[in-house]
Amino acid sequence: MTHFEASGLDAEAVELIENDLTATLALEPPSQFNGRRRFNVERFQTLVLFVLEKAGPLFTTALNVRLWYADFAHFRDQGISITGSQYLRFTHGPAPKSYDFLLAGMVEDGALNATSVPGRDRPGERFRAAKRPDAAPFHCDELDRISRVLSALEGKTAMQLSELAKAETAYAATRDRRPISYRSAGALCTIQSDR
């Protein structure tokens, strides 16, 4: 059950919330916290679909860490992020700002399927792509970077990805629930530079 379903909102209210959230995120001017790119919901959704198509169904942490590595590795090598997402430092690793609502919106739109999975400490959500990504929003260098990041992280569990991300300087140097600066992307250890 998504956040929107749980709240009992109708489809029109959900659409208004999604539009408002997307507009608010896109208002942030390019900076060190969004990889010098305004947030672009089409790019974000397309990256989510690419990750899920390549890696298969993923829990939230595993998805978020892959998104973070793709954006930060591309910024390190090209000077700009792929999606314009701000990533915040959370206990289990970096996550895009408002990721829960963005992913819930994708579920509501039929782009993703979400399954609640019971856990020992807390239930988790596993996401699966419900449609194929369209490469149109991305340049060749972005597609190449995404592919290289996903290959480097292939087969890693959510816990392994969480530990890898938490060992990165960018994550470790940031206070809890604060934005992670893309300026730290040059110190990424897990994903090798193409330079």
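Structural data are supplied above this passage.
All values reported here derive from a predicted model rather than from experimental measurement. (Residues numbered from 1 in each chain as written. Predicted model: local features only at pLDDT ≥ 70, side-chain atom pairs only at ≥ 80, totals over all residues. Heavy atoms only, no water.)

Novice: Hey, could you run me through the packing of aromatic side chains in this one?
Specialist: Two numbers describe a pair of aromatic rings. These are the distance of the centres and the angle of the planes. Considering all chains together, one arrives at nine aromatic pairs under this definition. Aromatic pair Phe72 and Tyr182: ring centres 4.0 Å apart, planes at 20 degrees, arrangement stacked. Here Tyr182 lies in the segment after α8 (169-172) and Phe72 lies in helix α4 (residues 60-78), a separation of 110 residues in the sequence. Taking the relative accessible area as the measure of exposure, Tyr182 reaches 0% and is therefore buried. Each residue in the set Trp68, Tyr69, Phe72, Phe75, Tyr87 and Tyr182 is aromatic and connected to the rest through ring pairs, giving one cluster. (Phe/Tyr/Trp six-rings, centres within 6.5 Å; stacked < 30°, edge-to-face > 60°. Helix = DSSP H or I, 4+ residues; strand = E, 2+ residues; numbered from the N terminus. Buried < 20%, exposed > 50% of the residue type's maximum accessible area, 1.4 Å probe, protein only.)

Novice: Looking at this structure, how should I read the side chain of Gln86?
Specialist: Among the secondary structure elements, Gln86 is positioned in the loop between α4 and β2 (87-90). By relative accessible area, which is 12% here, Gln86 ends up buried. Excluding its chain neighbours within four sequence positions, the residues that come into contact with Gln86 are Glu28, Phe33, Asn34, Ala95, Pro96, Lys97 and Pro179. (Contact = heavy atoms within 4.5 Å.)

Novice: For this particular structure, what's the right way to read the packing of α4 against helix α6 (residues 140-153)?
Specialist: A pair of packed helices is captured by two measures, namely the crossing angle of their axes and the spacing between those axes. The geometry of α4 relative to α6 is characterised by a closest axis approach of 9 Å and an angle of 130 degrees between their N-to-C directions. Classified by the interaxial angle, the pair formed by α4 and α6 is oblique. Classified by chirality, the crossing of α6 by α4 is right-handed. Contact residues: Arg66, Tyr69, Ala70, Ala73, His74, Arg76, Asp77 and Gln78 in α4; Asp141, Glu142, Arg145, Val149, Leu150 and Leu153 in α6. A class-by-class count of the residues in the contact of α4 with α6 yields six nonpolar, two polar and six charged. (Axes fitted to C-alpha atoms, helices over the stretch in contact; angles between N-to-C directions. Parallel < 35°, antiparallel > 145°, perpendicular 65-115°, else oblique. Left-handed = near helix turned anticlockwise from the far one by under 90°. Nonpolar A, V, L, I, M, F, W, Y, C, P; charged D, E, K, R; others polar.)

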